[in-house]
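# Chains, contacts and geometry: an overview
Here is what each chain is made of, one letter per residue.
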Amino acid sequence: MKIEKFTSWIKVAHKYTRITWQRNFTPKLNQEAELIFVMIPGNPGNDKFYDHFGQRILEVMADNQFHITTELYSISHLNHVELPNNLRDESDIKKDDLFLLNDQITHKFDYFIEYMPKKTPIILMGHSIGSYMALKILPQLIENGFNVVKLLGLFPTIEQMALSPNGIRTGGVLQVKL
């Protein structure tokens, strides 16, 4: 089994964004993906952090039990990865531009609208604050007809947000009642 991988800069809502794409090759060569994983990173928002994790997922999906052609996309946060020199002059983003959490959430939703197929089953994954972003875009994705079959939160920040300094400062607004 072979895993193909590349990292590329694409424009999402006219803003350069680095993505990492991986795909396994099962006995059904050149077939479209039967399942797509999309990883929303935690901070510092670097998509490359998930390369080995993604490779392991693809290896499992291609093994004798599943035989599923699978793709995995990891999308960086806006301005969390330095642009290559050849893109700096044509970018709308400057090195010290800051983006709020809501900007990052909108950015991830825009990525789906611009690049993801609607019919292929998608497993949406978030790590840390990426879990929060995934939860925020899930209703919009479903409303827009995306086939999100599962959301996985890896070490989700949302579990401990109420105990963070900002969570305490907001007076329990973030507390979850079970």
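In what follows, the accompanying structure is described. (Residues numbered from 1 in each chain as written. Predicted model: local features only at pLDDT ≥ 70, side-chain atom pairs only at ≥ 80, totals over all residues. Heavy atoms only, no water.)

### Digging into the nonpolar core
Counted only if it meets this: In these notes, a set of buried Ala, Val, Leu, Ile, Met, Phe, Trp, Tyr and Cys residues joined through side-chain atoms within 4.5 Å is what counts as a nonpolar core. Relative accessibility under 20% of the residue-type maximum defines a buried residue, over 50% an exposed one, and the middle range a partly exposed one, all with a 1.4 Å probe and only protein chains included. Elements are defined by DSSP. Helices are runs of H or I of four residues or more, strands are runs of E of two residues or more, and each kind is numbered from the N terminus.
Judged by nonpolar contacts, the single largest core of 24 residues is most densely connected at Tyr-111, Phe-112, Met-116, Leu-124, Ile-137 and Leu-141. Those elements giving two or more residues to this core turn out to be β1 (2–12), β2 (15–25), β3 (35–40), β4 (70–75), α3 (101–115), β5 (122–127) and α4 (129–143). Per-element accounting of this core gives the leading share, five residues, to α4.

### Observations regarding the layout of surface pockets
Definition in use: Points on a 1 Å grid, built from protein atoms alone, make a cavity when a 1.4 Å probe fits but cannot get out and make a pocket when they are open with protein on both sides within 12 Å along at least 5 of 7 lines; residues with an atom within 4 Å of a point are the lining residues. Grid points are joined across faces, edges and corners, and a volume is the space filled by probe spheres set on the points. Each residue is assigned to one class: nonpolar for Ala, Val, Leu, Ile, Met, Phe, Trp, Tyr, Cys and Pro, charged for Asp, Glu, Lys and Arg, and polar for all the others, Gly among them.
Roughly 180 Å³ of volume is contained in the largest pocket. What lines the largest pocket is Asn-79, His-80, Val-81, Glu-82, Leu-83, Arg-88, Ile-93, Lys-94 and Lys-95. Tallied by class, residues from the lining of the largest pocket come to three nonpolar, two polar and four charged.

### Regarding the packing of α3 against α4
Note the threshold: Here an angle of 0 to 180 degrees is reported between the N-to-C directions of two axes, which are lines fitted to C-alpha atoms, with helices fitted over the stretch in contact. Any angle that is under 35 degrees is reported as roughly parallel, and any over 145 degrees as roughly antiparallel; angles of 65 to 115 degrees are reported as roughly perpendicular and all others as oblique. Crossings are assigned a handedness: left-handed for a near helix turned anticlockwise from the far helix by less than a right angle, right-handed for a clockwise turn. Should any heavy atoms of two residues lie within 4.5 Å, those residues are counted as being in contact.
Running from N to C, α3 and α4 point in directions that differ by 55°, and their axes come no closer than 9 Å. Taken together, the axes of α3 and α4 lie oblique to each other. The interaxial crossing formed by α3 with α4 has right-handed handedness. Of the residues in α4, those in contact with Leu-101, Gln-104, Ile-105, Lys-108, Phe-109 and Phe-112 of α3 are Ile-129, Tyr-132, Met-133, Lys-136, Ile-137, Gln-140 and Leu-141. Counted by class, the contact of α3 with α4 contains nine nonpolar, two polar and two charged residues.

### Some details on the sheet that holds β1
For clarity, the threshold we go by: In this description, strands pair whenever DSSP reports at least two bridges between them.
Strands sit in the order β1-β2-β4-β3-β5-β6 across an open sheet of six strands; the sheet is mixed. With one partner strand each, in any of the chains shown, β1 and β6 (148–154) form the two edges of the open sheet. When strand polarity is set aside, the average angle formed by the axes of neighbouring strands in this sheet is 20°. When β3 meets β4, the two strands line up parallel, connected through five bridges. Residue Ile-36 lies in a different strand from β4, and its bridge partner there is Glu-71. Set on the sheet, helix α1 (residues 51–62) makes contact with β1, β2, β3, β4, β5 and β6; between it and β2 the angle comes to about 30°. Contacting β1, β2, β3, β4 and β5, α3 runs over the sheet at an angle of about 110° to β1.

### Focus on the pattern of salt bridges
Selection criterion: Salt bridges are defined by distance alone: a side-chain nitrogen of Lys or Arg within 4 Å of a carboxyl oxygen of Asp or Glu.
Considering all chains together, one arrives at five salt bridges under this definition. Between Asp-51 and Lys-5 there is a salt bridge, with the nearest N and O atoms lying 3.1 Å from each other. Pair noted here: Asp-51 is in helix α1 and Lys-5 is in strand β1, with a separation of 46 residues, a long-range link. Here Arg-88 and Glu-82 are joined by a salt bridge, their closest N and O atoms 2.3 Å apart. It is possible to trace a salt-bridge network through shared partners that takes in Lys-5, Lys-48 and Asp-51.

### Some thoughts on α1
This is how the line gets drawn: Take the number of residues in a helix, subtract one, and multiply by 1.5 Å to get its expected span. Working definition: the arc comes from the directions between the helix axis and the C-beta atoms, pointing outward to the latter.
If you check α1, its first and last C-alpha atoms are 17 Å apart, about what 12 residues at 1.5 Å a residue would give, namely 16 Å. All buried positions along α1 are accounted for by Asp-51, Gly-54, Ile-57, Leu-58, Met-61 and Ala-62. In a view along the axis of α1, the buried residues occupy a sector of 125°, so they form one face of it. On its buried face, α1 sits against β1, β2, β3, β4 and β5.

### Some details on the packing of aromatic side chains
Note the cut-off: For Phe, Tyr and Trp, rings pair up if their centres lie within 6.5 Å, where Trp contributes its six-membered ring, and each pair is then called stacked (planes under 30 degrees apart), edge-to-face (over 60) or tilted (otherwise). Over a ring means this: the NZ of a Lys or the CZ of an Arg is within 6 Å of the ring centre and within 35 degrees of the ring normal.
Tallied over the full model, the rule gives five aromatic pairs. Arranged with centres 5.0 Å apart and planes meeting at 85°, the rings of Phe-49 and Tyr-50 form a pair that is edge-to-face. Assessed through its relative accessible area of 61%, Phe-49 is described here as exposed. Exposure remark for Tyr-50: the relative accessible area of 7% places this residue in the buried category. Here Tyr-111 and Phe-112 contribute two aromatic rings whose centre-to-centre distance is 6.2 Å and whose plane-to-plane angle is 85°, an arrangement assigned as edge-to-face. Looking at Tyr-111, the relative accessible area reads 1%, which means it is buried. Directly above the ring of Phe-146 sits Lys-118, whose terminal nitrogen or CZ lies 5.5 Å from the centroid.

Take it as geometry only, folks, not as evidence of what the structure does.
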